[in-house]
Amino acid sequence: MNSDDQRPDPDALLKTVDELEKRRHEGRLRIFLGMSAGVGKTYAMLRAAHQRVKEGVDVTVGVVETHGREETLALVEGLPHIHRKKIHYRGADLEELDIDAVIKRKPELVIVDELAHTNAPGSRHEKRYQDVLELLEAGIDVYTAFNVQHLESRKDAVEAITGIQIRETVPDSILEKATLVELVDIAPSELLKRLKEGKVYLGDKAERAAQNFFKEDKLTALREIALRMTAERVDQDLQKLVSVRAAGSPWQTNERLLVAISHSPYSEKLIRATRRLAYNLEAPWIALHVDTGLVLNDKDQAQLVKNLNLSRELKAEVITTTEVDVPSAVRRVCRLKNVTQVVVGRPTRRWFRDLLENGNLLEGLIQESLDVDVHVIRQEGTSLKRPSLFEELAYYSSKSGPAKYWYTLLAIISVSVFGTMVENFIGYRAVGFIFLLAVIILGTFGSIGAVILAATLSTFTWNYFFIPPKFTFAITNTEDFLMCVAFFVVALITGFLTNRLKYHEKLMREREERTNILYEILQDISGATEKSEFLSKVTQRVGQMLDADCGVLLKSATGVLEFDEEKSYFTELSVKDAAVAQWCFDNNKPAGWSTETLSQSEALFLPLRGPSEIVGVFVFKPKRQLRKLDIEKENLLLSIVRQLSVSVQRHFLSRRLQEAQRLKDSEKLHQTLLNSISHEMRTPLTAIFGAASALEQLKDFDQVKTVASGLHAAADRLNRVIENLLDMSRLNSGVLSLKLEWHDVNDLFSVVVKKLEKPLSAHKLKVQFLENVVLLKIDFRLMEHALANIILNAALYTPAGTLINVGLKKLADEFVITIEDNGPGIPESSLTKVFDKFYRVPGSPTGGTGLGLSIVKSIVELHNGSIEVENNHPNGAKFQITLPLGDQPIYPEGTES
């Protein structure tokens, strides 16, 4: 076996290293999977957790649903818990996993049961599996459990079997995250026995389950699905391990077939035969095409594409690889993919081609110690007829363009002329070496057909014009005859080997170029923050590389293909091409140029298939009139489209997540605003209605005055609420413009004190007025409103009779205002939140919308100032407003004190 076949696949090694590096910073997920409720998933999960505790691991329980089962309850009692988070919803208190508490506690392992559970409204995430993903990102290992019916890809099959609608699912990608999937299995008869004993459900629920879901035939079908899914996961893990295995024969743990296909029309029969074998064995199969560097004409190229498309339609995994030695490529793929059976066609004996290509595929497979079964499919008709030497030469000639043969003919003529000129000096035998050198050089630049022509022409030309007797093909000297034959053989072999070396060099160069292109495209994608950035870069790069106009049509938010030029990434699209693009999007299949669907179109349309949905269409419009792309370029284009699809869907999902979060925040904000405003408006309105009713009955003037004062206070409170709402609306909209003028600080606070006389009648307000005039360039109304808000806020959170002290201080280029109270202060956890909209400190007295301090901060910052808050010791809070002082204007005479 070739040494190259024994070394691990470097791409697989790099992929494995990248996955390990990525998972090194994440927690590990272990899934306990069952066919239905009652098989013992939670019990097995808790026993595994106890084992980890014995190993010294820090384990805690996040969520475990015992369903009243005594055995499960006994296991839960021995483990530490994190209390669940209570969420009030529709008059009920619901308990959910407290993610923040788990992350703050940061255990090594946390138990989270019922992965498919839908969280209560108001939770951080909609689904519990999203909670688990966040815990994994935080570096915490997770044990979790769910039933097979909750897996998204198995949902339809389970609904068809059970007749029950599955409402809660988890995506299949969660299995890819898992480092271990453990099947908890039990015989259906044993599970039914457990149900009768009340170990699964209790009371009426157990009876309903026995009448509907818990039937032996249904449970057996679910068990098969669970077993198959687990087997698929194990097979995937094995494939990853085998791909980095250095050497050895395939492990026949599961049947996997491979068929080698080419541009031959008889490959269609091989493909169908392999599909039948795979179907009977219920095994996956691979269609392998090896590009040996042979240049195909249009007819053969079309046939090859047809064969590859047929393989895809029949659900094969299509692999194309580039290598000179076909048997070596087949052996390598068999080892990497753990293939157990290979299907090949019965070869026809071709003496000349077999000599040049080191035998046929079948001989190459059976001569090496390939530990797989080889199926030979017979071929009918002219394919069994052995071709003549001239037919084989014609085969190679048909694979090369005519220009190469003309160049070969001119080269041999030139060498002949040169040999005639130097023959008298070096002799006719030395001229033969010149012809040999010419064949080697032609092998470097020409094709195999051109090499054969050069070797043949050189032999006959040297014999006819240079070997005595000249101008005849007869050779009288035995030594010259043997030398002529040896020359032909050596010229043919050296030319062929030189051509093969040239192809190897070309192959390495193309691989390097392809790798560089994919790397640059990945860089474009990863370096862009918006999809518009990398889409334009990638389409431009692909267009330059493949000499085409490229673009992307994306799916809109409503799920339809977007043709608007401002929102798409392809401008020149006719009505007919737009219809082809729509067909491609609707049917999730390639269409247009070089396909068998709507091939009259001048552009190729490829669906952008993301992991879970189609996100758009890639448009490829060649600038030159070509029949088809060659296989290498087509594979490169498909690889780019696949990577582009994943990236676009990732951006789509990110956008949807942001929109969902925005909607959630907006809904929460709306509810908070509604609750706050309804309470704030109801209180003064109640006072107003009560005062109005009292006025109708009162006759004493003093009593009327008292009631009117209360009426005025209630109206003031209602007015402040409305002013705050209007100011916040203007600030958020960005339409609020400042009317900046110079105002005296003492005048400003005099107005504020006057305004707050009645609202602060129960408190003591002390303002340390300045002795000298200090002017600030401010919007008087807004600043007065901000200062009134912050002083009223201090009064709201302090007991009656408490002193509120306002200090004024002029610095070099700043003016500082401090508001201090002697209340209980602000909790440390709330100091950074008090300026948020609608935020109210826990335990605050009723009243207030949570907008006051947010408005103050916005107004101060509009004046290029800042506001800070801290707690005074031993009690009270201190707010400090800093405003720019600016260059003081020149005072008129007699105004400065």
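Computed from a predicted structure; not experimentally measured.

A. Examining the overall build of the chain more closely. Of regular secondary structure, the chain possesses 28 helices and 23 strands. Within the chain, residue pairs in contact and separated by at least 24 positions form 71% of the contacts whose partners lie at least 6 positions apart. Within the structure as shown, the chain displays about 48300 Å² of accessible surface, and the carbon and sulfur contribution to it stands at 54%.

B. Highlighting the sheet that holds strand 20 (residues 803-810). If you walk across this open sheet you meet the five strands as 18-20-21-23-22, and the pairing is mixed. Either end of the sheet is taken by a strand with one partner, and the two such strands are strand 18 (764-767) and strand 22 (866-871). Adjacent strand axes in the sheet meet at a mean angle of 15°, parallel and antiparallel pairs treated alike. Bridge count for strand 21 (residues 814-820) against strand 23 (residues 877-884) is seven bridges, and the pairing is antiparallel. In the strand pairing of strand 23, V816 is matched with T882. In this fold helix 27 (residues 780-796) packs onto strand 18, strand 20, strand 21, strand 22 and strand 23, with an angle of close to 170° to the strand it touches most, strand 23. Across the sheet, helix 28 (residues 852-862) touches strand 22 and strand 23, and the angle it forms with strand 22 is around 140°.

C. Inspection of empty space enclosed by the protein at higher detail. Summed over the entire model, instances satisfying the criterion amount to one cavity of 30 Å³ or more. Computed from the structure, the largest cavity encloses a volume of approximately 30 Å³. Along its surface, the largest cavity is lined by V305, L308, N309, R312, I631, E634 and N635. If you list the elements that add at least two residues to the lining of the largest cavity, you get helix 13 (298-313) and helix 24 (631-697). No other element matches the four residues that helix 13 contributes to the lining of the largest cavity. Class assignment of the residues belonging to the lining of the largest cavity gives a composition of three nonpolar, two polar and two charged.

D. Layout of the pattern of salt bridges. Under the counting rule described, the total for this entry stands at 22 salt bridges. A salt bridge links E613 to K555; its shortest N-O distance comes to 2.4 Å. Of this pair, E613 sits in the loop between strand 15 (604-609) and strand 16 (614-622) while K555 sits in the loop between strand 13 (548-554) and helix 23 (575-587), and the two are 58 residues apart along the sequence. Looking at K555, the relative accessible area reads 13%, which means it is buried. Measuring nitrogen to oxygen at the nearest pair gives 4.0 Å for the salt bridge that ties E757 to K754. You can call K754 exposed: its relative accessible area is 58%. Residues joined in a network through salt bridges with shared partners are D100, R124 and E134.

E. Highlighting the packing of aromatic side chains. Taken as a whole and assessed by the stated rule, the structure comprises nine aromatic pairs. Both rings, one in Y464 and one in F465, keep their centres 5.0 Å apart while their planes meet at 80°; by these two values the pair is edge-to-face. Here the aromatic rings of Y464 and F471 are separated by 6.2 Å at their centres, their planes lie at 80°, and the arrangement is edge-to-face. Joined through ring pairs, the aromatic side chains of F460, Y464, F465, F471 and F473 make up one cluster.

F. Looking closely at a nonpolar patch on the surface. A surface patch of nonpolar side chains, amounting to about 780 Å² of accessible area, comprises W406, Y407, L409, L410, I413, V417 and M421. Along the chain, V417 turns up in helix 18 (residues 402-426). On the accessibility criterion, V417 (46% relative accessible area) is partly exposed.

G. Representation of helix 7 (residues 155-162) in the model. What helix 7 keeps buried is the set K155, V158, E159 and T162. Looking straight down helix 7, one finds that the buried residues subtend no more than 100° of arc, so they occupy a single side. Facing away from the buried surface of helix 7 by more than 90 degrees, the exposed residues are D156 and A160. Backbone geometry just after helix 7 places G163 at a positive phi near 75°.

H. Examining the environment of W406 more closely. Its place among the elements puts W406 in helix 18. With 44 residues separating them along the chain, W406 and A450 place their C-alpha atoms 9.2 Å apart.

I. Layout of the packing of helix 3 (residues 41-54) against helix 4 (residues 70-77). At a minimum axis separation of 10 Å, helix 3 and helix 4 run at an interaxial angle of 25°. Classed by the angle they form, the pair helix 3 and helix 4 counts as roughly parallel. Two packed elements cross with a definite hand, and for helix 3 against helix 4 that hand is left-handed. Across from T42, Y43, L46, R47 and H50 in helix 3, the residues of helix 4 making contact are E71, T72, L75 and V76. Here the residues of the contact of helix 3 with helix 4 sort into four nonpolar, three polar and two charged.

J. Geometry of the sheet that holds strand 13. One open sheet holds the four strands; their spatial order is 13-16-15-14, and the pairing between them is antiparallel. If you trace the sheet from one side to the other, it starts and ends with strand 13 and strand 14 (591-592), each paired once. Pairing of strand 14 with strand 15 involves two bridges; the strand directions are antiparallel. Paired with G592 across the two strands is L604, which belongs to strand 15. Taken strand by strand, helix 22 (residues 531-546) contacts strand 13 and strand 16, and its axis lies near 150° from that of strand 13.

K. Main features of the packing of helix 27 against helix 28. Between helix 27 and helix 28, whose axes approach to 9 Å, the crossing angle comes to 145°. Relative to helix 28, helix 27 is oriented so that their crossing is left-handed. Contacts from L782, M783, H785, A786, N789, I790 and N793 of helix 27 reach helix 28 at G852, L853, I855, V856 and I859.

L. Up close: the nonpolar core. Core analysis: the largest hydrophobic core is formed by 62 residues, its most contacted members being I111, L135 and F214. With residues up to four places along the chain from it excluded, the contact list for I111 reads M45, L46, A49, V59, T60, V61, G62, V63, V64 and Y143. Core analysis: the second largest hydrophobic core is formed by 44 residues, L776, F835, I867 and L885 among them.

M. Spotlight on the pairing of strand 3 (residues 85-89). Summarising the sheet, strand 3 and strand 4 (residues 92-96) pair through five bridges and their orientation is antiparallel. Across the sheet, K86 pairs through a bridge with E95, a residue of strand 4. Taken together, strand 3 and the strand that follows it, strand 4, pair antiparallel across an intervening segment of two residues, in which R90 is found at a positive phi of about 50°.

N. View of the side chain of T802. Mapped onto the fold, T802 is located in the loop between helix 27 and strand 20. In this structure the side chain of T802 is engaged in a polar contact, spanning 2.5 Å, whose partner is the backbone oxygen of P799. If we ignore the near neighbours within four places in the chain, the residues touching T802 are H763, K764 and N822.

O. Representation of the environment of L436 in the model. When you line up the elements, L436 lands in helix 19 (residues 428-445). Looking at L436, the relative accessible area reads 16%, which means it is buried. Once the C-alpha coordinates of L436 and T494 are considered, the two residues, 58 residues apart in sequence, prove to be 8.6 Å apart.

P. Main features of unusual backbone geometry. Following P468, the chain continues into P469 via a peptide bond in cis, with omega recorded as -10°. By the secondary structure assignment, P469 is in the loop between helix 20 (448-465) and helix 21 (478-526). For S594, which is not a glycine, the phi torsion comes out positive at approximately 70°. Tracing the backbone shows S594 in the loop between strand 14 and strand 15.

Q. Structural view of the confidence of the model for the chain. Model confidence for the chain is summarised by a mean pLDDT of 77, while 76% of its residues fall at 70 or above. Confidence, expressed as mean pLDDT per element, reaches its minimum in the chain at helix 1 (residues 3-6) with 48 and its maximum at strand 5 (residues 109-112) with 93. Across residues 1-5 the pLDDT falls below 50, and counting only partners more than four positions away or on other chains, this stretch makes eight contacts in the model.

Conventions and cut-offs
- Residues numbered from 1 in each chain as written.
- Predicted model: local features only at pLDDT ≥ 70, side-chain atom pairs only at ≥ 80, totals over all residues.
- Heavy atoms only, no water.
- Helix = DSSP H or I, 4+ residues; strand = E, 2+ residues; numbered from the N terminus.
- Contact = heavy atoms within 4.5 Å.
- Areas by Shrake-Rupley, 256 points an atom, 1.4 Å probe, with all protein chains shown as cover.
- Pairing = 2+ DSSP bridges.
- Axes fitted to C-alpha atoms, helices over the stretch in contact; angles between N-to-C directions.
- 1 Å grid on protein atoms, 1.4 Å probe; cavity = no way out; pocket = protein on both sides within 12 Å on 5 of 7 lines; lining within 4 Å.
- Points joined across faces, edges and corners; volume = space filled by probe spheres on them.
- Nonpolar A, V, L, I, M, F, W, Y, C, P; charged D, E, K, R; others polar.
- Salt bridge = Lys/Arg side-chain N within 4 Å of Asp/Glu carboxyl O.
- Buried < 20%, exposed > 50% of the residue type's maximum accessible area, 1.4 Å probe, protein only.
- Phe/Tyr/Trp six-rings, centres within 6.5 Å; stacked < 30°, edge-to-face > 60°.
- Patch = residues over 30% accessible without salt bridge, like charges linked within 9 Å, V, L, I, M, F, W, Y side chains within 5 Å.
- Arc of directions from axis to C-beta.
- Parallel < 35°, antiparallel > 145°, perpendicular 65-115°, else oblique.
- Left-handed = near helix turned anticlockwise from the far one by under 90°.
- Core = buried A, V, L, I, M, F, W, Y, C linked by side-chain atoms within 4.5 Å.
- Polar contact = N/O pair within 3.5 Å; in protein donor to acceptor, adjacent residues only side chain to side chain.
- pLDDT = per-residue confidence, 0-100.

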